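Fold and contact review
Listed here are the chains, written in short residue letters.
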Amino acid sequence: EELLDTLCDSFVKELQEDFLKASTAKTLDPVYLICDLGAMLMERTLNDPEHRLTWMEHWSMASRDPKSREKVVAAHRGWLDIIIPLLKQNIKEGKLKPVDPRPLAMGLMALFDGILMHQSCLEVDAPALWRSTTRMLLEGIRK
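Please read these numbers as outputs of a predicted model, since none were measured by experiment.

A short note on helix 5 (residues 101-119)
- Its 19 residues place the ends of helix 5 27 Å apart at the C-alpha level, agreeing with the 27 Å of an ideal helix rising 1.5 Å per residue.
- Restricting attention to buried positions, one finds in helix 5 the residues Pro101, Leu104, Ala105, Leu108, Met109, Phe112, Asp113, Ile115 and Leu116. When helix 5 is viewed along its axis, its buried side chains cluster within an angular range of 170° and face the same direction.
- Taking the backbone nitrogen of Arg102 as reference, a side-chain oxygen 3.2 Å away marks Asp100 as the first, capping residue of helix 5.

If you want it as structure tokens, here you go:
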């Protein structure tokens, strides 16, 4: 359990750092940020089969083990702490309609996790599905 927690923590931190680095350009379009950077993270996850299986096992353990659940919750809070300010910034700059960024961020995270979960059982081009679905969603709130 500790090894699994450590592996997942390490990978999540690496992905979050990479996302933050890529999202620091002030001129980036919000749809690009979510669609393309999210697809990049998805491709990295899918290209590392051991990580994908580790991630799925960690989710499974989190449903049974309170300590593992805390780790999964902490990782999601970390993503919220990254995504919500980006959405708020784009709303403030008038690039997105004024929506509540928290449920939007949570929905995007659920979509990301769900696509990865489906990809493990179905033949799905997960990054393409992510791009098309998030683009449809975000185009609806673009100003």
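A look at the packing of aromatic side chains
- One pass over the full model with this rule turns up one aromatic pair.
- Both rings, one in Phe112 and one in Trp130, keep their centres 5.4 Å apart while their planes meet at 85°; by these two values the pair is edge-to-face. Taken together, the residues Phe112 in helix 5 and Trp130 in helix 6 (residues 126-139) connect sequence positions 18 residues apart. Assigned by exposure class, Phe112 and Trp130 land together as buried.

Considering the pattern of salt bridges
- Within the structure shown, the criterion is met by seven salt bridges.
- The closest approach of N and O atoms between Asp36 and Arg135, which form a salt bridge, is 3.8 Å. Placement of Asp36 in helix 2 (residues 30-46) and of Arg135 in helix 6 is noted, with a sequence separation of 99 residues between them.

Some thoughts on empty space enclosed by the protein
- Evaluation of the coordinates by the stated rule reveals one cavity of 30 Å³ or more.
- Its boundaries defined by the atoms lining it, the largest cavity holds a volume of some 480 Å³.
- Around the largest cavity sit 26 residues that line it, and Trp55, His76, Trp79, Phe112 and Asp113 are the ones nearest its centre.
- Going through the elements one at a time, helix 1 (2-22), helix 2, helix 3 (49-62), helix 4 (66-92) and helix 5 are the ones with two or more residues in the lining of the largest cavity.
- Looking at side-chain class alone, the lining of the largest cavity contains 18 nonpolar, five polar and three charged residues.

Points about the nonpolar core
- If you look at the biggest cluster of nonpolar residues, it comprises 35 residues, and the most contacted ones within it are Phe19, Met42, Trp79, Trp130 and Leu138.
- Elements that contribute at least two residues to this core include exactly helix 1, helix 2, helix 4, helix 5 and helix 6.
- Once residues within four sequence positions are removed from consideration, Leu138 is found in contact with Pro30, Val31, Ile34, Cys35, Leu96 and Leu104.

About the thresholds
Residues numbered from 1 in each chain as written. Predicted model: local features only at pLDDT ≥ 70, side-chain atom pairs only at ≥ 80, totals over all residues. Heavy atoms only, no water. Helix = DSSP H or I, 4+ residues; strand = E, 2+ residues; numbered from the N terminus. Expected span 1.5 Å × (residues − 1). Buried < 20%, exposed > 50% of the residue type's maximum accessible area, 1.4 Å probe, protein only. Arc of directions from axis to C-beta. Polar contact = N/O pair within 3.5 Å; in protein donor to acceptor, adjacent residues only side chain to side chain. Phe/Tyr/Trp six-rings, centres within 6.5 Å; stacked < 30°, edge-to-face > 60°. Salt bridge = Lys/Arg side-chain N within 4 Å of Asp/Glu carboxyl O. 1 Å grid on protein atoms, 1.4 Å probe; cavity = no way out; pocket = protein on both sides within 12 Å on 5 of 7 lines; lining within 4 Å. Points joined across faces, edges and corners; volume = space filled by probe spheres on them. Nonpolar A, V, L, I, M, F, W, Y, C, P; charged D, E, K, R; others polar. Core = buried A, V, L, I, M, F, W, Y, C linked by side-chain atoms within 4.5 Å. Contact = heavy atoms within 4.5 Å.

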